[in-house]
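# Architecture and fold: a report
Here is what each chain is made of, one letter per residue.
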Amino acid sequence: EGPSASAPPRHKIKIFDHYADQEIDVEVPEDRYVLWEAEDAGLELPYACRMGCCTACAVRVKEGEMYQPEALGISTELREQGYALMCVGYPLSDCVLETVPEDEVYQLQFGE
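### Let's talk about the overall build of the protein
- Each helix and strand counted, the protein has three helices and seven strands in total.
- Computed over C-alpha atoms, the radius of gyration of the protein comes to 13 Å, within 12% of the 13 Å expected from 2.2 N^0.38 for 112 residues, which places it in the range of a compact globule.
- Projected onto its principal axes, the C-alpha coordinates of the protein cover approximately 45 × 30 × 25 Å.
- For the protein, restricting intrachain contacts to residue pairs at least 6 apart in sequence, the fraction spanning at least 24 positions comes to 57%.
- On the protein, roughly 6,200 Å² of surface is accessible, and the fraction owed to carbon and sulfur atoms is 48%.
- The protein carries 8 positive and 23 negative side-chain charges, and their two centres are separated by 4 Å.

See below:
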């Protein structure tokens, strides 16, 4: 956590949070996690572990690209299908994200 170490590019992130029925806009530098930057801006988003191990903060990337090497909570296949974890996701471009039910990600990974 903490501020950026330098002046990396900043990206506009739009998040459709279905849990709170809200649309959130936040600018996130490339070297900061989406969740952390949103929290620093006073925004509340779903999360649990904050370490990329669960799926409470899972989103579907509708537009843009996120880098998430520590996203252990979702498989490589799901990442390739456009799923990401906000707690360990760095934006590489402007993004449009949509929260998804934790059960959706779990069922896609492990089945019923």
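Alright, that's what it looks like, and here's the rest.
### Concerning the pairing of strand β2 (residues 22-29)
- Note: strand β1 (residues 10-17) against β2, eight bridges, orientation antiparallel. Along β2, the bridge assignment pairs R10 with P29.
- Taking the residues between adjacent antiparallel strands as the criterion, β1 and β2 are bridged by four residues, where D21 takes a positive phi near 50°.

### Focus: the side chain of T99
- Within the secondary structure, T99 sits in strand β7 (residues 95-99).
- The buried category is assigned to T99, whose relative accessible area is 3%.
- One polar contact links the side chain of T99 to the main-chain amide nitrogen of H18, over a distance of 2.8 Å.
- Beyond its immediate sequence surroundings of up to four residues, T99 is in contact with I15, F16, D17, H18, Y19, P46, A58 and V59.

### Details of the nonpolar core
- I13, I15, M86 and L97 are the most contacted members of the largest nonpolar core, which totals 30 residues.
- Listing elements by their share of this core, those giving two or more residues are β1, β2, α1 (34-40), β3 (58-63), β5 (83-85) and β7.
- Residue contributions to this core peak at four residues, all from α1.
- Discounting chain neighbours no more than four positions away, the residues touching I15 are Q22, E23, I24, V34, L45, M86, L97 and T99.

### Focus: the environment of A56
- Tracing the backbone shows A56 in the loop between α1 and β3.
- Linking A56 and P29, residues 27 residues apart in sequence, is a C-alpha distance of 22 Å.
- Those residues in contact with A56 that sit more than four places away from it in its chain are P46, Y47, A48 and E102.

Rules used in this analysis
- Residues numbered from 1 in each chain as written.
- Predicted model: local features only at pLDDT ≥ 70, side-chain atom pairs only at ≥ 80, totals over all residues.
- Heavy atoms only, no water.
- Helix = DSSP H or I, 4+ residues; strand = E, 2+ residues; numbered from the N terminus.
- Rg over C-alpha atoms; globule rule 2.2 N^0.38 Å.
- Contact = heavy atoms within 4.5 Å.
- Areas by Shrake-Rupley, 256 points an atom, 1.4 Å probe, with all protein chains shown as cover.
- Lys, Arg positive; Asp, Glu negative; His and termini not counted.
- Charge placed at Lys NZ, Arg CZ, Asp CG, Glu CD.
- Pairing = 2+ DSSP bridges.
- Buried < 20%, exposed > 50% of the residue type's maximum accessible area, 1.4 Å probe, protein only.
- Polar contact = N/O pair within 3.5 Å; in protein donor to acceptor, adjacent residues only side chain to side chain.
- Core = buried A, V, L, I, M, F, W, Y, C linked by side-chain atoms within 4.5 Å.

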